[in-house]
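Here are the chains, one letter per residue:
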Amino acid sequence: MTPPAASHTSLLFKGYAGLDGHYDEALAPDGSLRPAWQAFARSLGSDPLNTLRIANESARRAIVEQDVSLNVYAGENSDATAWPLDVVPLLLGSGDWETLSTGLRQRARVFNSILQDLYGPQKLLRQGSLPAALGMANPHFLRPCAGLGKARQPFVHTYAADVARSPDGRWWVLQDRLEAPAGLGYALQNRIIVRQVLPNAFKHTPVSRLYQFFRDFRVSLDQLQSRTDSPRIVLLSPGAANEAYYEHVYLARHLGCPLVEGGDLTTRDGRVFLRTVGGLREVSVIVRRLDSEFCDPLELDERSLLGVPGLVHAAQSGRVAIANQLGGRAVESTALLSFLPSLCRQLTGESLLIPSAATWWGGQRTPRDYILANLDTLVIKPTYAGPSAPATRYGALLDSKARAALAAEITANPSAYCGQERVLLGTTPAWDPATSSLRPMPFVTRIYLSWKDGDYQAMPGGLSRFNTSGEDAIVSLQSGSVSKDTWVLSEAQNDDPPVVEAVTLHVNEQRHSAATPSRLADNLFWLGRYLERSSQLSRLLAKLDPLLRDEIAVLDPAVLHDTIAFLLFLQDAHLPSGGSLEQKAEHARRVAADANQFGGLTANLSRLARILESSKLRLPPEAWRIARELRAAGRTAFSSAAIQSHLANLDGVTAEVMVHDTGWRFLELGRRIERATHTLQLMRALLQRAAGAPGPTEFRLQTCLHLSEGLFTYRANFNGTFHPASVLSWMLSEPENPRGLRYQVERITEHLATLPDELAPRAVEALRTTVFRLLSSVRLADMDVLAATPEQAGELWNDQLSLLSEVGTQLAQIYFAHTDADTAG
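One structure accompanies this document, and this report is about it. Here, residues in each chain are numbered from 1, in the same order as that chain's written sequence. Since the coordinates come from a predicted model, pLDDT governs what is reported: local features require at least 70, and pairs of side-chain atoms require 80 or more to be given and counted, while whole-chain, interface and lining totals use all residues. Side-chain metrics in this entry use all non-hydrogen atoms of the structure; hydrogen atoms and water are not considered.

Side note on the overall build of the protein chain
Link 1 in the chain: When helices and strands are tallied, the protein chain shows 30 helices and 21 strands.
Link 2 in the chain: Categorising residues by exposure relies on relative accessible area from a 1.4 Å probe, with only protein chains included: less than 20% of the type maximum marks a residue as buried, more than 50% marks it as exposed, and the intermediate range marks it as partly exposed. In the protein chain, buried positions account for 56% of the 825 residues.
Link 3 in the chain: A contact between two residues is defined here by any heavy atoms of the two lying within 4.5 Å. In the protein chain, the share of contacts with a sequence separation of at least 24, taken over all contacts with a separation of at least 6, comes to 71%.
Link 4 in the chain: Here the protein chain carries 81 positive and 87 negative side-chain charges, and the mean point of each set is 3 Å from the other. Secondary structure follows DSSP: runs of H or I at least 4 residues long count as helices, runs of E at least 2 residues long count as strands, and numbering of each begins at the N terminus. Positive charges come from Lys and Arg alone, negative charges from Asp and Glu alone, with His and the N- and C-terminal ends not counted. To locate a charge, take NZ of a lysine, CZ of an arginine, CG of an aspartate or CD of a glutamate.

Focus: the pairing of strand β8 (residues 265-268)
Link 1 in the chain: Judged from the four bridges that link them, β8 and strand β9 (residues 271-276) form a sheet pairing that is antiparallel. Residue T267 lies in a different strand from β9, and its bridge partner there is V272.
Link 2 in the chain: Remark: two residues form the turn of the hairpin made by β8 and β9, two consecutive strands paired antiparallel; D269 in that turn has positive phi of roughly 50 degrees. Any two strands between which DSSP finds at least two bridges are classified as paired.

Re the packing of aromatic side chains
Remark: the centre distance and the inter-plane angle together describe each pair of aromatic rings, the angle taken between the planes.
Link 1 in the chain: Each Phe, Tyr or Trp ring, with Trp reduced to its six-membered ring, pairs with another whose centre is within 6.5 Å; inter-plane angles below 30 degrees give stacked pairs, above 60 give edge-to-face pairs, and intermediate values give tilted ones. Tallying each qualifying case throughout the model produces 24 aromatic pairs.
Link 2 in the chain: Measuring from ring centre to ring centre gives 5.4 Å for F13 and Y16, while their planes differ by 90 degrees; the resulting arrangement is edge-to-face. Of the two residues examined, F13 and Y16, each falls in the buried class.
Link 3 in the chain: Ring geometry for Y119 against F155: centres 5.3 Å apart, planes inclined by 15 degrees, an arrangement best described as stacked.

Considering the sheet that holds strand β7 (residues 259-260)
Link 1 in the chain: Ordered by their spatial adjacency, four strands build an open sheet running β7-β6-β11-β12, and the pairing between neighbours is parallel. The sheet is open, and its two edges are formed by β7 and β12 (321-323), each paired on a single side.
Link 2 in the chain: Strand direction decides the pairing type here: strand β6 (residues 233-236) and strand β11 (residues 285-288), joined by four bridges, are parallel. When the bridges of β11 are listed, L236 appears paired with R288.

Focus: the nonpolar core
In summary, soluble globular proteins display a tendency toward joint burial of nonpolar side chains.
Link 1 in the chain: F40, I286, L608, F666, L811 and Y815 are the most contacted members of the largest nonpolar core, which totals 231 residues.
Link 2 in the chain: The biggest single contributor to this core is helix α16 (residues 518-549), with 13 residues.
Link 3 in the chain: One finds I371, L375, L398 and Y417 within the second-largest nonpolar core, a separate group that totals nine residues. Residues belong to a common nonpolar core when they are buried Ala, Val, Leu, Ile, Met, Phe, Trp, Tyr or Cys residues joined through side-chain atoms within 4.5 Å.

Topic: the sheet that holds strand β15 (residues 393-394)
Link 1 in the chain: Across the sheet, which stays open at both edges, the four strands sit in the order β13-β16-β14-β15 with antiparallel pairing between neighbours. The strands lining the two open edges of the sheet, one partner per strand, are β13 (359-361) and β15.
Link 2 in the chain: When β13 meets strand β16 (residues 417-421), the two strands line up antiparallel, connected through three bridges. Directly across from W361, in β16, lies its bridge partner C418.
Link 3 in the chain: Here the axes come from fitting lines to C-alpha atoms, over the contacting stretch only for helices, and the angles between their N-to-C directions go from 0 to 180 degrees. Across the sheet, helix α13 (residues 365-373) lies against β13, β14 (378-382) and β16, angled at about 115 degrees from β13, the strand it touches most.

With respect to helix α7 (residues 184-197)
Because the α-helix completes a turn every 3.6 residues, residues three or four places apart line up on one side.
Link 1 in the chain: Here α7 is 14 residues long and its end C-alpha atoms lie 21 Å apart, about the 20 Å a rise of 1.5 Å per residue gives.
Link 2 in the chain: Counting buried residues along α7, eleven of its 14 residues qualify, which places the element largely inside the surrounding structure.
Link 3 in the chain: Taken together, the buried positions of α7 are occupied by L184, G185, Y186, A187, L188, Q189, N190, R191, I193, V194 and V197. For a helix, the expected span equals 1.5 Å multiplied by the number of residues minus one.

A closer look at the side chain of S437
Link 1 in the chain: With respect to the helices and strands, the residue S437 is situated in strand β18 (residues 437-452).
Link 2 in the chain: S437 gets classed as buried once you look at its relative accessible area, which sits at 19%.
Link 3 in the chain: Pairing of N or O atoms within 3.5 Å defines a polar contact, subject to two protein rules: one partner must be a possible hydrogen donor and the other a possible acceptor, and residues neighboring in sequence count only if both atoms are side-chain atoms. Polar contacts involving the side chain of S437 include one to the side chain of T435, which spans 2.7 Å.

Honestly, that's just the spatial picture; any functional story needs more than this.
Okay, here's the thing in structure tokens:
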């Protein structure tokens, strides 16, 4: 009888076989299953394939619900796609991890020393240890950054390496990442999801935890700062269009620091400041996720709209630390790998512990001759990566004509090419949803290291990827590859809770009402406005068909005519001159569904989704999922009911889940201003009449209340009787009506009272005076007079709309567009 454990293993690996010429992580050379994978199979229970099938489905749902996404570039069709994750982890034993962590720590130290020298004394260039062409002729060597290598901070704070197994089982480095290594946040997200969907496997496997690495990562950022009285750490991102924007948001949230873009920062006298609603506040540390060349349009690429003018000067002054320092891409050249072993011995006195794939640079005669003689076996790569660089080509895959053409290219410009030995990637088990089985897939793993206390430490895990086609030539998430969690197995797993270190987090400073970044406040303000605007439009569209079928369409058709005209007015469209009410209503629906109609519902939803993307850091994960649903709704058939549901959910999330801090108050201000504006526009559209004209009919009064979501509550408070004065009172001056004008203005007053006023006290006082004038006009209005004199009512509504517009303008001028530095910050 087969032992139960063996039965589980045979079920899981039925039909699984390694690829010829590749090292397989699960299968030993004799075909037996390695011990770690035997234990993993046992942890999956009596039906391991079904366990993985369920886990895969659960992971898909978690990714969609949490909106874990990757922006894939595809020209005009670029869009966020669900994060690709395989639930079967890569298992690395303690011996492998010791080899990798020790060797990569050495490489991180070597590269840090090379960059400090390259942007400092340049001894390696002067001694000839590094060819001058790889420094001075390197398009990624940033001359304006000369001198940054002399700073006391490490040049390389975060280092990553893409590693793979060769057929003999040795680890090789395929690529070193020193510019702004991507994927750290995705690696953490992978761990959280896989741990959730495979709880039993994670519990019974001695997996090294990640919490200490990320805790130390945060502490190390504090150690970079040069001042301690008011430290501020920010994460600099290219913005929501970047392929890894989700990761930037996730990492900033995990580290507890603001996510900023170039426009959020400014420089003064060699210092960097964050624009906040309370003025400019000095920044101590920038965690950089923006390529160096784009960081300073004044000193580097003048075409960049993403950077901060003067950032290079600020970095040279030592008043701000940048992790990683500008210019790290200069040593990501493939050609440098051929000189790395000798540089390692010179800088550390040690041999390189983990080799790179054997590399030959065409800029030297002997290596160039070797490349040309072995084109059929080498991988030909550009010396410097970039948009204009030649493509990577695999010699073994080229025909004789293509190989001859490549040889001619190399001969004409040899320093632009490198030849590299092709390493057949090792394989690891991966879940195949199509067959519900495991397949061996060639993989690459990215290991991350960060600086702390004068040395580097490795995260016990990584971001593993494989190409779903099973090829080992290209492994790129942009090209459709899939990611994996990486489990480092420890012989003595420590499950003790983490020790909380005595670290000053400066919570009071971060939570101060003036600390909210101006762009974030601006985004949240317009989030409130577009949320309310879209909700109003979707509700009006939903009410259109019932109104057409109601007796009002026959007994008082002018009311329905004015309602359709109002709906079109809200969408910046005009009412057609001819046609029936049904045809005019259909025109209003077409306008709402037209993505190119500036004020239409679909266009508003598109703006709302973009603002949600840009404001992710301050929004709970539930809002991320709603943003994804809104994006999807814009690409499918127009459904007012579905949109109403999404918007109602978002409304509830912002009200009940979002922290009620300064950012939330700006969102509420936007919402209240928009709702008050809508109420006034609705009354002007349905209740305004010419002098001497008869008063509004009961149908008109009911419709006005119905469209403002106040009919039910009005009936309950006025016993079902409809008089113009009482309707005006309910919509304008009743303090208990949550849809009425007075309620909105009182909420606006409350929120303004909490906003910081130190930056521009006189301007803030003028803003509060404007709102006080608005509130006074509502409180003092005589409803009987307004009902009897339509010209006075119309004048009042226009004045109040003007005051509301002025409030929005003053808010923007004070809190979103200031330029003066706060000297106390």
